[in-house]
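# Observations on chain architecture
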Amino acid sequence: MTDIARSASAASQSVFDSDWMIRVRRGSEALAIPIAALLVSALLFSIFLLALGKSPAQFYQLIWLGGFGTGFSWSNTLLRAAPVMLTALAVAIPARLGLTMIGGEGALVLGGFTAAAIAIPMIGGGAPIVMHVLMFAGALAVGAAWVGIAGALRQFRGVNETISTLLLSYIAIAIMNFFVEGALRDPADPNKPSTKALESVEMIGKLPGIDVHWGLVFAIVACVAVYVLMFRTTFGFACKIAGGNARAALAQGLPVGRLVIVATLIAGACAGMAGYFEIAAVHGKANASLASGYGFTGILVAFLARQHPLAIMPVAILFGGIAAAGGIIQRRMGLPDATVLLLQGLTFVVLLASETFYGRLTLFNPKARTDRT
Amino acid sequence: MPLDRFSRRSFLQGTAAGAAALSLGDIKLAAAQAKVTIGIVYVGPKDDFGWNQAHAVSVAALRSLPNVSIVEEENVPETAAVLKSMESMINLEGANLILATSFGYFNPFMVDAAKKYPKVTFRHAAPLWEKDKHPANAGSYFGYLDQAHYINGVAAGLATKTNKIGFVAAKPISSVLRNINSVLWGARSVNPNVTLQLIFTGDWALPVREAEAANALAGAGCDILTCHVDSPKVVIETAERRGIMSLGHNASQATLAPKGFITGAEYKWETIYRSYADDIAKGQPVPNMLAGGYEKDMVRNTAYGAGAPEAARKAADAAIADLKAGKRILKGPVKDNKGAVALPSADGYDNLDRVLDGMNFLADGVVGSIT
């Protein structure tokens, strides 16, 4: 090989290995692996459908029709996606600190209940804006406190945060039921215990042009804001360091305890906001229907989005679409409701399994060794 | 081969659509029998041995009618999801009659949908619709299941040996309290020594609590168990396992207790659904409010099981005949189980008197407490 040829090859090598190129490769890895996992789970699910004697083609066609095919389907999908984006943030923010917190359901329920309780003396009072501001603030504060409790228990008492957030969710639902069936029960409704309902003019309206409430806009803004906070500020960077190695972070002088508390408060506030919109835009009153599983779907969405606030938005919309299509799948294909849950569960398992491929594929990491442990 | 089946199905659908297009010329036939697409939404699984199954079985009985098609959705929560489910049935499936079968679907979800789709008929399975408050295309239907529970009580009063009936209930709300009291009133009408022991579980579906409550009642000497929870399966099976008798609720549980089943209180939604389908097919207005008990053939009792002795069957049959004739269950003033007069009228109350809809007490003879 001549010198000229050698130096040309070295130059191309350096372009190939440049920072920019590595970032492109890493970026495409973060995109390609989840998409491949989605395709694999769709394939596995097709085998399951074939075993049942149903057509996978029809199934996916109906998912498209029910979730994304018409304007109505889109509003159905986005309506379901909005609260899930917020509860997914409640999982993704602590995850940045290495905490697995799954208490979004509890913070949503208690936040929503607080909003409904605050509203009671002001219903029909003629100052809906004041009422909504107080409801919003109350829901965020209580949601924040609820997940914050788990953060504090973790930081100061070493209580496992996964277990405590899960158990706190059940306590939250019990607290709501206690008040809704007791002191705050609206006597006008003898059969379904509920708090007093907002008047329909006092409810938060729909977005212009689409049949979805304002919670969607707030959820999208929250996702972007959390992205900026966790990925573009020193606070977010400190959280990442603390999540990577808490001792090293302490040695660097980072206030790990304060980071944990603040991050869990923000996480809880996100779920509390979802609760506020359920009350202010959907139910108008608190009752047992408030605990309908958005918090738990949020866990799934956050993991699928690999805890990334921006990725949460498309994943929540995908899951909203699958849920929205659940009805038409039942009706047209005669499959039970659990079918859609099975697809979600299967996707989750395949996605977790796909984690193992990060950093191991030479396509995305030229220097990776397949025997790396 | 599944794929073959698929293509055959789509072929059939295609030809059906073609045939429908061809028959458009035959307008007379179309006008005589308008097409009814019923969209029905359930809060739980269709095969829960309870409330949802009672609806599913009844609506399935309409499938054989030539002009009726049915679209169903189960496990739809009482959230914005139910609004979207109903809209989806209307927009994508052309449903013109929506049946919302869970209590919490009504307000705001079904009311909102009725306002948005004024040409679609909406009916909800609880007596909540009010003429001046709610849209005219919405409405309610309801079966007075307390009458069938009363018959349960009559049969139980003559089947019990310990004079103690056990009742597992979900929540102390009016419709539940009324069923509890009705079992006792039925039993006391034939056997004044009967008492009813009551345990509340606190929620509609708590299978573990229901099993504990059923065992506790069996341990306390009750030889007949019944319940008002979403799915009576656990209570009935526990009774059978303990070797005691049982009374059903909502749908037929006869197969769960081949030895001890006496009879059960069942809705007969079929009567209502059939009349809706007929009205729509004939182009007649559908009544906004349709409610009744035995006198309108809207409730029934499950066929007697091995637990029902001859005397109990006879007494229950006679009591059913009385209810069909509209004879009153409550013939005089009624006391609650704390000794106070709960219902004062000396003449008693008509079986469908709206005063009874808001029942908020446990009758004299019930061992238990609302709080």
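Please read all numbers here as calculations on a predicted model, not as lab measurements.

### A word on the overall build of chain A
Looking only at helices and strands, chain A features 14 helices and zero strands. A burial count over chain A gives 49% of its 373 residues as buried. Sequence-distant contacts, at least 24 apart, represent 76% of the contacts inside chain A between residues at least 6 apart. Of the roughly 16,700 Å² that chain A leaves accessible, carbon and sulfur atoms contribute 69%. Considering chain A, the positive charge centre built from 25 side chains and the negative charge centre built from 16 side chains are found 7 Å apart.

### Notes on the pattern of salt bridges
Proximity of charged atoms lets side chains of opposite charge pair with each other. Following the criterion strictly, the structure yields 23 salt bridges over all chains and no others. A salt bridge links A:D211 to A:K206; the nearest nitrogen and oxygen atoms lie 3.3 Å apart. On the basis of relative accessibility, which here comes to 48%, the residue A:K206 falls in the partly exposed class. A salt bridge links A:R332 to B:E93; its shortest N-O distance comes to 2.6 Å. Of this pair, A:R332 sits in helix α13 (residues 309–333) while B:E93 sits in helix α4 (residues 80–93), which puts the two residues in different chains.

### A look at helix α14 (residues 338–354) of chain A
Residues and elements named next belong to chain A. Look at α14: 24 Å from first C-alpha to last across 17 residues, which is about the 24 Å you get at 1.5 Å a residue. Every buried residue belonging to α14 is among T339, V340, L343, Q344, T347, V350, L351 and S354, and all of these are buried. Buried residues of α14, seen end-on, are gathered within an arc of 145° and therefore sit on one face of the element. Seen from the buried face of α14, the exposed residues on the opposite side, beyond 90 degrees, are L341 and V349. Packed against the buried residues of α14 are α2 (19–51), α3 (56–69), α12 (294–304) and α13.

### Concerning the sheet that holds strand β10 (residues 261–267) of chain B
Residue and element names in this part refer to chain B. Strands sit in the order β12-β10-β9-β8-β6-β7-β15 across an open sheet of seven strands; the sheet is mixed. Edge positions in the open sheet fall to β12 (299–301) and β15 (366–367), since each of these has one partner strand only. Bridge analysis of strand β6 (residues 164–169) against strand β8 (residues 224–228) gives five bridges, and the strand direction is parallel. Across the sheet, A169 pairs through a bridge with H228, a residue of β8. Sheet contacts for helix α6 (residues 145–159): β6, β8, β9 (245–250), β10 and β12; angle to β10, the most-contacted strand, approximately 170°. With respect to the sheet, helix α8 (residues 207–219) is in contact with β6, β7 (195–200) and β8, its orientation differing from that of β6 by roughly 165°.

### Here's the deal with the layout of surface pockets
All names here are of chain A. Quantified by volume, the second largest pocket comes out at close to 1,100 Å³. Around the second largest pocket, the lining is made up of 31 residues, and of these A30, F231, A305, R306 and H308 lie nearest the centre. A per-element tally of the lining of the second largest pocket places α2 first, with nine residues. Grouping the constituent residues of the lining of the second largest pocket by class yields 19 nonpolar, five polar and seven charged.

### Looking at the side chain of A:T347
With respect to the secondary-structure elements, A:T347 resides in helix α14. When residues no more than four places from it in sequence are discounted, the contact partners of A:T347 are A:L38, A:S41 and A:L304.

### Some remarks on the pairing of strand β5 (residues 140–143) of chain B
All names here are of chain B. Taking every second residue as pointing to the same face, both faces of β5 are buried, with S140 and F142 on one and Y141 and G143 on the other. Here β5 runs beside strand β11 (residues 289–292); their pairing, made up of four bridges, is parallel. Note that in β11 the partner of G143 across the bridge is G292.

### Topic: α12(A)
All names here are of chain A. For α12, the tally of buried residues reaches eight of eleven residues, placing the bulk of the element in the interior. Residues Y294, G295, G298, I299, L300, V301, A302 and L304 constitute the buried set of α12. Following α12 by one or two positions, R306 adopts a phi angle in the positive range, close to 50°.

### Re the interface of chain B and chain A
In this assembly, 33 residues from chain B lie in contact with 31 residues from chain A. Buried area between chain B and chain A, both sides added, is near 2,900 Å², and the carbon and sulfur share of it is 52%. Run the count over chain B and chain A and you get six salt bridges. Seen at the junction of chain B and chain A, the total is 14 residue pairs in polar contact (both at pLDDT 80 or more). Put simply, the parts of the chain that give the side of chain B that touches chain A at least two residues each are α1 (2–22), β2 (68–73), α4, α5 (106–116) and α7 (174–190) of chain B. Among the elements that line the side of chain B that touches chain A, the one with the most residues is α4(B), at ten residues.

### Looking at the environment of A:A281
All names here are of chain A. Structurally, A281 is set in helix α11 (residues 256–283). On the accessibility criterion, A281 (15% relative accessible area) is buried. The residues touching A281, leaving out its near neighbours within four places in the chain, are M203, I204 and H213.

### Description of empty space enclosed by the protein
Residue and element names in this part refer to chain B. Enumeration over the complete set of coordinates arrives at three cavities of 30 Å³ or more. Approximately 70 Å³ is the volume attributed to the largest cavity. Around the largest cavity, the lining residues are D146, R178, S182, W185, I329, L330, Y349, N351, L356 and M359. With three residues, the top contributor of residues to the lining of the largest cavity is α7. Its residues assigned to classes, the lining of the largest cavity shows six nonpolar, two polar and two charged.

### A short note on the nonpolar core
Core analysis: the biggest nonpolar cluster contains 106 residues, and A:M85, A:L89, A:M135, A:I312, B:M86 and B:F122 have the highest contact counts within it. For this core, the element with the most residues is α11(A), which contributes 15 residues. When neighbours within four sequence positions are excluded, B:M86 is seen to be in contact with B:V41, B:I98, B:F109, B:M110, B:A113 and B:F122. Formed by 77 residues, the second largest nonpolar core is a distinct cluster that contains B:L184, B:W269, B:I320 and B:V366.

### Notes on the packing of aromatic side chains
Counted according to the given criterion, the structure contains 21 aromatic pairs over all chains. Ring centres of A:F178 and A:F179 lie 5.2 Å apart, and the angle between their planes is 80°; on these two criteria the pair is classed as edge-to-face. We classify A:F179 as partly exposed; its relative accessible area is 31%. Among the aromatic residues, those joined into a cluster by ring pairs are B:W51, B:Y141, B:Y267, B:W269, B:Y273 and B:Y276. Directly above the ring of A:Y358 sits A:R306, whose terminal nitrogen or CZ lies 3.6 Å from the centroid. One cation-aromatic arrangement involves B:R123 over B:Y276; the distance from NZ or CZ to the ring centre is 6.0 Å.

### Considering the packing of α6(B) against helix α11 (residues 310–324) of chain B
All names here are of chain B. Relative orientation of the contacting elements α6 and α11 amounts to 155°, with a least axis distance of 8 Å. When the interaxial angle is binned, α6 and α11 end up roughly antiparallel. Between α6 and α11 lies a crossing whose hand is right-handed. Seen from α6, the contacting residues are Q147, Y150, I151, V154, A155 and L158; seen from α11, they are A311, A312, A315, A316, A319, I320 and L323. Grouping the constituent residues of the contact of α6 with α11 by class yields twelve nonpolar, one polar and no charged.

What counts and how
- Residues numbered from 1 in each chain as written.
- Chains lettered and ligands numbered in written order.
- Predicted model: local features only at pLDDT ≥ 70, side-chain atom pairs only at ≥ 80, totals over all residues.
- Heavy atoms only, no water.
- Helix = DSSP H or I, 4+ residues; strand = E, 2+ residues; numbered from the N terminus.
- Buried < 20%, exposed > 50% of the residue type's maximum accessible area, 1.4 Å probe, protein only.
- Contact = heavy atoms within 4.5 Å.
- Areas by Shrake-Rupley, 256 points an atom, 1.4 Å probe, with all protein chains shown as cover.
- Lys, Arg positive; Asp, Glu negative; His and termini not counted.
- Charge placed at Lys NZ, Arg CZ, Asp CG, Glu CD.
- Salt bridge = Lys/Arg side-chain N within 4 Å of Asp/Glu carboxyl O.
- Expected span 1.5 Å × (residues − 1).
- Arc of directions from axis to C-beta.
- Pairing = 2+ DSSP bridges.
- Axes fitted to C-alpha atoms, helices over the stretch in contact; angles between N-to-C directions.
- 1 Å grid on protein atoms, 1.4 Å probe; cavity = no way out; pocket = protein on both sides within 12 Å on 5 of 7 lines; lining within 4 Å.
- Points joined across faces, edges and corners; volume = space filled by probe spheres on them.
- Nonpolar A, V, L, I, M, F, W, Y, C, P; charged D, E, K, R; others polar.
- Buried area = accessible area lost by both parts, 1.4 Å probe.
- Polar contact = N/O pair within 3.5 Å; in protein donor to acceptor, adjacent residues only side chain to side chain.
- Core = buried A, V, L, I, M, F, W, Y, C linked by side-chain atoms within 4.5 Å.
- Phe/Tyr/Trp six-rings, centres within 6.5 Å; stacked < 30°, edge-to-face > 60°.
- Lys NZ or Arg CZ within 6 Å of the ring centre and 35° of its normal.
- Parallel < 35°, antiparallel > 145°, perpendicular 65-115°, else oblique.
- Left-handed = near helix turned anticlockwise from the far one by under 90°.

On their own, these measurements won't tell you what the molecule is for.
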